[in-house]
Amino acid sequence: MKNPIIERELIGTLRTRKALALQVTVAMAFALLVVVSWPTDALVDLSGSQSRQVFHLFGYGLLAAMILLVPVFPATSIVRERIGGTLELLLNSPMNPVSIYFGKLAGVLGFILLLLIMSFPGAAACYAMGGVEAYHIVELYGLLALVALQYAVLGLLVSSYAQSTDSSLRTTYALVLLMAVVTLGPHLVMQGKESLTATAAFWLRSLSPIPAVMEVLGHSDVGAAGQVSESGAPLRYVVLAIVTTAAFIVRTITRMNYSMLDYSRSQGIITDERGAAGQWARRLIFLVDPQRRKGSIGPLTNPVMVKEFRCRRFGRSHWILRLVAGCALLSMVLTYAATVFTESWGVNDIGGILVVLQVALIVMLTPSLAAGLISGERESGGWTLLQMTPLSTGAILRGKLMSVVWTLLLILCATLPGYLVMIVIKPDMTQQVIQVLICLVWTAVFAVLLSAAVSSLYPRTAPATTTTYLLLVGMCVGTMLVWFGRDSRFGRGTVERILTVNPMAAALNVIEARGFQDYNLVPANWYFVGCASALALAVLIVQTWRLARPQ
């Protein structure tokens, strides 16, 4: 029986200009990736090493594209129906929840698989160069299709819980990062040990598709550090991906009923009704009670900044305390690793992990905080109310930016103990740590200004958040694909020029992490990020001034 939701989701998406632009961009990007690495001389590479290097770069590019692009479509699918009021119509239609769910899933996967198909010419070119077997390409695309399915059903599950499109996007991207990258951390620390915890960490890292794709492409396991890693990562990932995908599907289908339309909330338990331990724990957690009556705003305090802190979810005091406490705890864990594993890893390796952690925090948190500064007000109608206040446009803009800057500053400061321990262990690294902190400050400034500039260009928060995530992740992660292909046709000069735009690569270069010692990225990266930040600030000021003009 024909499912009308498939046609509605898929055909509706394909008719948009954004979908056409995305398909053309993906096809041109992967075709160009192969063209720039195609042999230009008359010599034939009989060993096939060059074609394998191109295929490695091609495979990592496809994996990055799946991680970046897949969450965008399913994360907004169900929540848009709820906001638009059409979810009630779907639940009251003759279609059962299973048909509704699989119609949406098929529509989302249809477009994602179409993007994969657009990369077929690039894969065929890799095969034509020789050195790459057909079954390697089939294995790669099979894994990528499973990655697309797993993250698509995850996005639909999050979308069924979310109340807004931007919160659904933030949560989905955070969970994708958790499953793809963070799950690699415990095994990185405990590899080589024999214990139940080490075994659990070994299987936990199998949730990530990165080790599976690396094994298919013929590379050693991520973070192997010279140790022999066990084979079979693709099979383990396939098993865990099928299990988690089935669990996500079942949970989402069970939620596809009228209870999704209910917004009942628990009345909770007052503190005096809790036990002694619960009362003490609550006093420690809520040192600043977020429910108390707020004092008046001081005459020298920007009221827009106060408004952002009081109204934004992650601006409230208890959420800031939780974020800071979590970052401090994670920094202490890495500090412990710096003292225990210094002999086997080295201080530079620990510093590289700290750099990746802090850049990941900036990239994941900044769009969620700043991408809705202007677009959120325009979408809700609050921008008109702000224009009616005695505040100038500059005061409004400063208040909104400072609300993000203070939050990021607290979170980044909570991750500094690891660097202090590094200086204690190796005092001659003081200058390197200072330069790393300069790189991180520039990264935070650029992320805030870019997010705010993108926010001023969009009338809705969801596309602004998506665009900001794509730009930041593409800048910090996408350019690393060229670094992966540094041994192929990309020479040292080409890799160095492309990595100059990547602030994370600059910080890793300063800390002398493995694979980045041979490049000179500082201070060229500081100049580039500074100019890019100035350009984003100019766009933000001009666009905000245009929006503040009388309509």
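Residues numbered from 1 in each chain as written. Predicted model: local features only at pLDDT ≥ 70, side-chain atom pairs only at ≥ 80, totals over all residues. Heavy atoms only, no water.

With that out of the way, let us pick up the layout of surface pockets. For the second largest pocket, the calculated volume is near 870 Å³. Taken together, 26 residues line the second largest pocket, and the ones lying closest to its centre are T13, K18, V72, F73 and T76. Taken together, the elements giving at least two residues each to the lining of the second largest pocket come down to α1 (4–14), α2 (17–35), α4 (77–84), α6 (97–117), α9 (165–182) and α24 (461–478). A per-element tally of the lining of the second largest pocket places α24 first, with five residues. The residue inventory of the lining of the second largest pocket, partitioned by class, reads 12 nonpolar, eight polar and six charged. (1 Å grid on protein atoms, 1.4 Å probe; cavity = no way out; pocket = protein on both sides within 12 Å on 5 of 7 lines; lining within 4 Å. Points joined across faces, edges and corners; volume = space filled by probe spheres on them. Helix = DSSP H or I, 4+ residues; strand = E, 2+ residues; numbered from the N terminus. Nonpolar A, V, L, I, M, F, W, Y, C, P; charged D, E, K, R; others polar.)

Counting across every chain of the model gives five salt bridges. K104 is paired through a salt bridge with E81; the nearest N and O atoms lie 2.9 Å apart. Linking K104 in helix α6 with E81 in helix α4, this pair joins segments that are 23 residues apart in sequence. Classification of K104 by relative accessible area gives buried; the value is 2%. Residues participating in the shared-partner salt-bridge network are R8, E9, E81 and K104. (Salt bridge = Lys/Arg side-chain N within 4 Å of Asp/Glu carboxyl O. Buried < 20%, exposed > 50% of the residue type's maximum accessible area, 1.4 Å probe, protein only.)

Running from N to C, helix α8 (residues 134–161) and helix α13 (residues 233–255) point in directions that differ by 25 degrees, and their axes come no closer than 9 Å. Comparing the axis directions of α8 and α13 gives the class roughly parallel. Of the two possible hands of crossing, α8 and α13 adopt the one that is left-handed. Counted together, L143, L146, V147, L149, Q150, V153, L154, L156, L157, S160 and Y161 of α8 and P234, Y237, V238, A241, T244, T245, F248, I249, R251, T252 and R255 of α13 form the full contact between these two elements. Grouping the amino acids of the contact of α8 with α13 by side-chain chemistry returns 15 nonpolar, five polar and two charged. (Axes fitted to C-alpha atoms, helices over the stretch in contact; angles between N-to-C directions. Parallel < 35°, antiparallel > 145°, perpendicular 65-115°, else oblique. Left-handed = near helix turned anticlockwise from the far one by under 90°. Contact = heavy atoms within 4.5 Å.)

This part is about the nonpolar core. F55, F58, L62, M66 and Y151 are the most contacted members of the largest nonpolar core, which has 68 residues in total. Ranked by residues supplied to this core, first place goes to α8 with 15 residues. One finds M475, V495, A505 and A507 within the second-largest nonpolar core, a separate group that totals 43 residues. (Core = buried A, V, L, I, M, F, W, Y, C linked by side-chain atoms within 4.5 Å.)

Right, let's talk about a nonpolar patch on the surface for a bit. Taken together, the side chains of I434, I438, V441, W442 and V445 make up a nonpolar region of the molecular surface, amounting to roughly 380 Å² of accessible area. You can call I434 partly exposed: its relative accessible area is 41%. (Patch = residues over 30% accessible without salt bridge, like charges linked within 9 Å, V, L, I, M, F, W, Y side chains within 5 Å. Areas by Shrake-Rupley, 256 points an atom, 1.4 Å probe, with all protein chains shown as cover.)

In this section: the packing of aromatic side chains. What characterises a pair of aromatic rings is the spacing of the ring centres plus the angle enclosed by the ring planes. Evaluated as defined, the whole model comprises five aromatic pairs. A cation over an aromatic ring shows up here: R255 above the ring of Y161, its NZ or CZ 3.8 Å from the ring centre. (Phe/Tyr/Trp six-rings, centres within 6.5 Å; stacked < 30°, edge-to-face > 60°. Lys NZ or Arg CZ within 6 Å of the ring centre and 35° of its normal.)

We now examine the packing of helix α21 (residues 393–413) against helix α23 (residues 430–457). Contact geometry of α21 with α23 gives a least axis separation of 11 Å together with a crossing angle of 150 degrees. Handedness of the crossing formed by α21 with α23: right-handed. Only A444, V448 and A452 of α23 make contact with α21, whose side of the interface consists of L401, V404, V405, L408 and L412. Looking at the contact of α21 with α23 residue by residue, the class counts come to eight nonpolar, no polar and no charged.

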